[in-house]
Amino acid sequence: MASTSTSLTTSVTMEDEFGIVYVVETAQQFWSELEDVLTLPKKIPTLQQLDAMLIRWLALCSTYHEQYLQSPLQLEHACGLLLDSELFAFHSERMCERLTETAQSNTNPHCQFMVYNVLLCFGRRRTDVFRSAKRWQPLIPLLMDHVLVEIDQDIEDEYFGHGGGPGAVVIEAKLRSLCVRLLYEMCRWQKLSVTELRVFDDTFIDYMFDLVEQTRHMQDESFNYSVIKFIVALNEQFMVASINEVAAANVQDSKNRVLRVLMRRLGSSRTFGENMIYMLNRAERSPDDLCMQLLVLKLIYLLFTTKGTSEYFYTNDLCVLVDVFLREVVDLDDDSESLRHTYLRVLHPLLTKTQLREVPYKRPQIKHSLESLVRNEVIRDINPTTRRLVERCLGGEWCVGLRKAEMQKTSPPASDGGGAVAYSRSHLGVPASSSTSAGKTLKASRSAEHLSNGGSAADARRGSETSLAGARAPTIPPKRKGTANSAHIDGLYADRNAMVGSYASSETGSEFAVATTTMRKEVGSRSHRREPPPAPPKRRKPPAIPVNKTVFTTIKSSSPLSNVHL
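All values reported here derive from a predicted model rather than from experimental measurement. (Residues numbered from 1 in each chain as written. Predicted model: local features only at pLDDT ≥ 70, side-chain atom pairs only at ≥ 80, totals over all residues. Heavy atoms only, no water.)

### Here we look at the side chain of Arg-265
To be explicit about the condition: Strands are runs of DSSP state E lasting at least two residues, helices are runs of H or I lasting at least four, and both sets are numbered from the N terminus onward. The buried label goes to any residue with under 20% of its type's maximum accessible area, the exposed label to any with over 50%, and the partly exposed label to all in between, with areas taken from a 1.4 Å probe on protein chains only. Pairing of N or O atoms within 3.5 Å defines a polar contact, subject to two protein rules: one partner must be a possible hydrogen donor and the other a possible acceptor, and residues neighboring in sequence count only if both atoms are side-chain atoms. Should any heavy atoms of two residues lie within 4.5 Å, those residues are counted as being in contact.
Along the chain, the position of Arg-265 falls in the loop between helix 13 (257-264) and helix 14 (270-282). On the basis of relative accessibility, which here comes to 8%, the residue Arg-265 falls in the buried class. For Arg-265, the side chain forms a polar contact with the side chain of Ser-269, separated by 2.7 Å. Ignoring sequence-local partners within four residues, the contact set of Arg-265 consists of Asp-206, Phe-209, Asp-210 and Glu-213.

Structure follows, in structure tokens:
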């Protein structure tokens, strides 16, 4: 509702530059007035009329935002109405210029709050808004001034945690949080030169680290994370700006002010390191979080590879970081290959230059995850950079020692003569997988039975039979006379007896006696004892050969050779 008088003093009123006074009493009335302000006249408007529409919209929102734009969703919807209107559809460049001029000239914090919100929403729709250095250079000092404002932590925590209420302090808290987000977006999309980065001096960066520590107990962690994101984005700007310059001899002479300030306050910036790891752990797959992960990983890599800062993190935080790496390296899709490469680049110094070089935390899992990235190259393409980074990680001392330990566990223990005994047992029909020491004991006991002076042939035969029965070795079938293979089997028996006798002669008599007694006790304890085989039939002696001269008489036959005399 528009009026030209101010008769209602109990309601909040707003008067624009044309003398029109607005009295808004309900939320429905506010949104209705907001839509009417953005409606163009039927006639073609002039540029002055377009500028007046933007100013009227800013005045209406800055007056009633604490009543009707309290939530971020309501504020985003109001800015969306402006950006979707014909003002920005056909005159976006002129509107951005007017917003920049208003931010520099208008000192009303409520008006500045709405101007910065519109610029933030428009920049998220079109990234070229943040890439314009000409537009943002005059705004950077103003944004830094709002960040440097001291605010009572209890009041600020109440605002971020419970929504807050109207008041000068609350608007300053809103402005500070909003300006930090704008600085982050500006550093994220622009490429600042060394000259342009001089505005961020050591005092300002040191205050940003203090701000992280001061807001660590806030219920809403969004502001704390926003400050950390701005710091890591600023670190990226210093790293890119100093690429073409000669590397400094030490950190104190480094052009990177973020690293230099952090180097001086390692003991008083623990929250900064802890929250960086928490941000990596809670990151999602959104484009904003993917960019944040890249920026955080670059600063962590710089800390790991710089002398004096490699042990900045606590050991427990490093273990959490390893868990994050194990998850992200495997779960990232092919579209995020560059982020996976960054994780692999940071993983190598994480395992070789920090406390984890002495603390073996999940090394087998790390090795398995890295090997899975370059496995199955027959059915899928392996990125050459991925292969190179994986080989660098697996070439570290931690992995070389782990592989040696695995080889020692899997390799069988070496024993003297094991190969010859296994070969002889497999050649004679005994399984080669049986224990070598057991085979030596059985053969040695049998040979001792034969070589003992007081033992009879029957005892020797019984001892060998019980020894073979206790070993459960497969029995060799008896040879059959008159068959074609009898000569071959006789040769096998002769070779076996000769080998067993030669092997047993190298052992001591006491070992044979102990082995024989043990085997006899084991066989005697069984309830069913195998009957000994019957004795072989006695062979007939050949007839005696006369000593004198022997005369051979040929047998006559019908063959032509019968006439030949021997």
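### What to know about the packing of helix 2 (residues 47-68) against helix 4 (residues 86-105)
Where we set the bar: Interaxial angles span 0 to 180 degrees and are taken between N-to-C directions of axes, which are lines fitted to C-alpha atoms, for helices over the stretch in contact. The cut-offs work like this: below 35 degrees is roughly parallel, past 145 is roughly antiparallel, 65 to 115 is roughly perpendicular, and the gaps in between are oblique. Each crossing is labelled by how the near helix is turned from the far one, with a counterclockwise turn of less than a right angle marking it left-handed and a clockwise turn marking it right-handed.
Orientation of helix 2 relative to helix 4, taken along the N-to-C sense of each, is 65°, at an axis distance of 10 Å. Overall, the two elements helix 2 and helix 4 adopt an arrangement that is roughly perpendicular. The interaxial crossing formed by helix 2 with helix 4 has right-handed handedness. Along the contact surface, helix 2 presents Leu-47, Leu-50, Asp-51, Met-53, Leu-54 and Leu-58, while helix 4 presents Leu-87, His-91, Arg-94, Met-95, Arg-98, Leu-99 and Thr-102.

### Thoughts on the nonpolar core
Heads up, the condition is: Each nonpolar core is a collection of buried residues, namely Ala, Val, Leu, Ile, Met, Phe, Trp, Tyr and Cys, held together in the definition by side-chain atoms within 4.5 Å.
Counting residues in each nonpolar core, the largest one holds 126 residues, and the members touching the most others are Trp-57, Phe-88, Tyr-116, Phe-200, Phe-230, Phe-272 and Met-276. Looking at this core element by element, the count peaks at 11 residues for helix 12 (residues 222-241). Here Tyr-116 is in contact with Ala-103, Leu-142, Leu-143, His-146, Leu-175, Leu-178, Cys-179 and Leu-182, once residues within four sequence places are set aside.

### Some words on the packing of helix 14 against helix 15 (residues 287-305)
Cut-off, in case you're wondering: When residue character is reported, Ala, Val, Leu, Ile, Met, Phe, Trp, Tyr, Cys and Pro are called nonpolar, Asp, Glu, Lys and Arg charged, and the others, Gly included, polar.
Their axes nearest at 10 Å, the elements helix 14 and helix 15 cross at an angle of 140°. The pairing of helix 14 with helix 15 is recorded here as oblique in orientation. Every pair of crossing elements has a handedness; the one defined by helix 14 and helix 15 is left-handed. On helix 15, the residues touching Phe-272, Met-276, Met-279 and Leu-280 of helix 14 are Met-292, Gln-293, Val-296, Leu-297, Leu-299, Ile-300 and Leu-303. Partitioning the contact of helix 14 with helix 15 into residue classes produces 10 nonpolar, one polar and no charged.

### Remarks on empty space enclosed by the protein
Stated precisely, the cut-off is as follows: Within this scheme a cavity is a closed region of a 1 Å grid, computed over the protein atoms alone, that accommodates a 1.4 Å probe without allowing it to escape, whereas a pocket is open but has protein on both sides within 12 Å along at least five of seven lines; lining residues each have an atom within 4 Å of a point. Grid points are joined across faces, edges and corners, and a volume is the space filled by probe spheres set on the points.
As enumerated under the stated definition, the model contains three cavities of 30 Å³ or more in all. If you add up the space inside the second largest cavity, you get close to 60 Å³. The wall of the second largest cavity is formed by Val-322, Phe-325, Leu-326, Val-329, Leu-347, Ile-366, Ser-369 and Leu-370. Contributions of two or more residues to the lining of the second largest cavity are made by helix 16 (315-331) and helix 18 (363-373).

### As for unusual backbone geometry
For residues besides glycine, phi is generally negative; the peptide bonds are generally trans as well. Of note in this structure, Lys-362 is not a glycine but carries a positive phi near 55°. As for its position among the elements, Lys-362 is in the loop between helix 17 (337-352) and helix 18.

### Quick notes on the pattern of salt bridges
Put simply, the rule is: Any carboxyl oxygen of Asp or Glu that lies within 4 Å of a side-chain nitrogen of Lys or Arg is treated as forming a salt bridge with it.
For the structure shown, the criterion picks out 22 salt bridges. Here Arg-282 and Glu-221 are joined by a salt bridge, their closest N and O atoms 2.9 Å apart. Linking Arg-282 in helix 14 with Glu-221 in the loop between helix 11 (202-214) and helix 12, this pair joins segments that are 61 residues apart in sequence. Of the residues examined, Glu-221 reaches a relative accessible area of 33% and is grouped as partly exposed.

### Concerning the layout of surface pockets
A volume near 1,200 Å³ is recorded for the second largest pocket. Surrounding the second largest pocket, 36 residues form its lining, Pro-72, Arg-124, Arg-181, Ser-222 and Ser-226 being those nearest its centre. A breakdown of the residues in the lining of the second largest pocket according to their chemical character gives 15 nonpolar, eight polar and 13 charged.

### Comments concerning helix 4
Under the convention used in this document: Note that the bend at a residue is defined as the angle between axes fitted to the seven residues ending at it and the seven residues starting at it.
At Ser-92, helix 4 shows its maximal kink, close to 105°. What helix 4 keeps buried is the set Leu-87, Phe-88, Ser-92, Met-95, Cys-96, Arg-98, Leu-99, Thr-100, Thr-102 and Ala-103. Lining the buried residues of helix 4 we find helix 2, helix 3 (72-84), helix 5 (109-125), helix 7 (133-136) and helix 8 (140-147).

### Considerations on helix 19 (residues 384-394)
For the record, the criterion: Arc, as used here, means the arc of the directions from the helix axis to the C-beta atoms.
If you check which residues of helix 19 are buried, you get Thr-386, Leu-389, Val-390, Cys-393 and Leu-394. Looking straight down helix 19, one finds that the buried residues subtend no more than 135° of arc, so they occupy a single side. Facing away from the buried side of helix 19, by more than 90 degrees, are the exposed residues Pro-384 and Glu-391. The N-terminus of helix 19 is capped by Asn-383, whose side-chain oxygen sits 2.8 Å from the backbone nitrogen of Thr-385.

### Focus: the state of the cysteines
To be explicit about the condition: Criterion for a disulfide: a pair of cysteine sulfur atoms within 2.5 Å.
For the coordinates displayed, the defined rule picks out zero disulfides. For Cys-79, which is in no disulfide, the shortest distance to another cysteine sulfur is to Cys-121 and amounts to 4.2 Å.

### Considering the confidence of the model for the protein chain
Inclusion rule: Confidence scores here are pLDDT values: one per residue, from the predictor, ranging 0 to 100.
Mean pLDDT for the protein chain: 76, with 65% of residues reaching 70 or above. Residue range residues 246-252 is modelled with pLDDT below 50. Its contacts to residues more than four positions away, or to other chains, number nine contacts.

### As for the environment of Arg-285
Relative to the helices and strands, Arg-285 resides in the loop between helix 14 and helix 15. Spatially, the C-alpha atom of Arg-285 lies 8.8 Å from that of Leu-332, the residues being 47 residues apart in sequence. Beyond its immediate chain neighbours, meaning those up to four positions away, Arg-285 contacts Leu-290, Glu-328, Asp-331 and Leu-332. A polar contact is formed between the side chain of Arg-285 and the side chain of Glu-328, at a distance of 3.2 Å.

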